[in-house]
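Coordinates in review
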Amino acid sequence: MQNAAIEDVVGRTATELLRAKDAATVLSYFEPDATIARNGYLYPSFDAFAKDIRDSYPTIRQFNLAAWDDVRVDVFGADAAVFTATFRWASTDTAGVREDIQGVWSAVFVRHEDGWKIRQRHESFVR
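I will try to describe carefully the structure that is included in this document. As the structure is a computational prediction, the values presented were derived from the model and not from experiment. (Residues numbered from 1 in each chain as written. Predicted model: local features only at pLDDT ≥ 70, side-chain atom pairs only at ≥ 80, totals over all residues. Heavy atoms only, no water.)

1. Observations regarding the sheet that holds strand E4 (residues 80-93)
Counted only if it meets this: The criterion for strand pairing is that DSSP finds at least two bridges linking the strands in question. Think of it this way: any DSSP run of H or I at least four residues long counts as a helix, any run of E at least two long counts as a strand, and we number them from the N terminus. The criterion used for residue contact is that any of the two residues' heavy atoms lie within 4.5 Å. Comment: axis = line fitted to C-alpha atoms, over the contacting stretch for helices; angle = value between 0 and 180 degrees taken between N-to-C directions.
Strand order in this open sheet of six strands is E2-E1-E6-E5-E4-E3, and the pairing throughout is mixed. The open sheet terminates on both sides in strands that have one partner only, identified here as strand E2 (41-42) and strand E3 (60-75). Pairing of E3 with E4 involves 12 bridges; the strand directions are antiparallel. Opposite Ile60, over in E4, you have Asp93 as the bridge partner. Contacts from helix H1 (residues 3-18) reach strand E1 (30-38), E3, E4, strand E5 (98-112) and strand E6 (115-125), with the element oriented near 160° to E3. The strands that helix H3 (residues 46-56) touches are E1, E3 and E6; relative to E1, the one it contacts most, it runs at about 80°.

Right, dumping it as structure tokens:
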């Protein structure tokens, strides 16, 4: 696979993840032992991250915005690439409170037989 094709598929995969509307779909984009860092916190395990995702998605009533900006994909061979971007994301919870967040997001994607999966992910919010 050529670099441009890898950049395209990794970019599409990251966008599908960003726009996912349920926890099961979000978690399906990760390797089962992925390393996750969020706002200066390194999750002790992927299971701890998965619990946070499973707990948070049911509280979302409406997804208002999900957008990448300043996207960069660095290809490190036929089976690995790093996706880096700024993001804007907004949702309204079941109590009617809207949350708008923005920040920086990066992930190491590794190709598997069933598609590209995230091995390591980092996100920092700037609000």
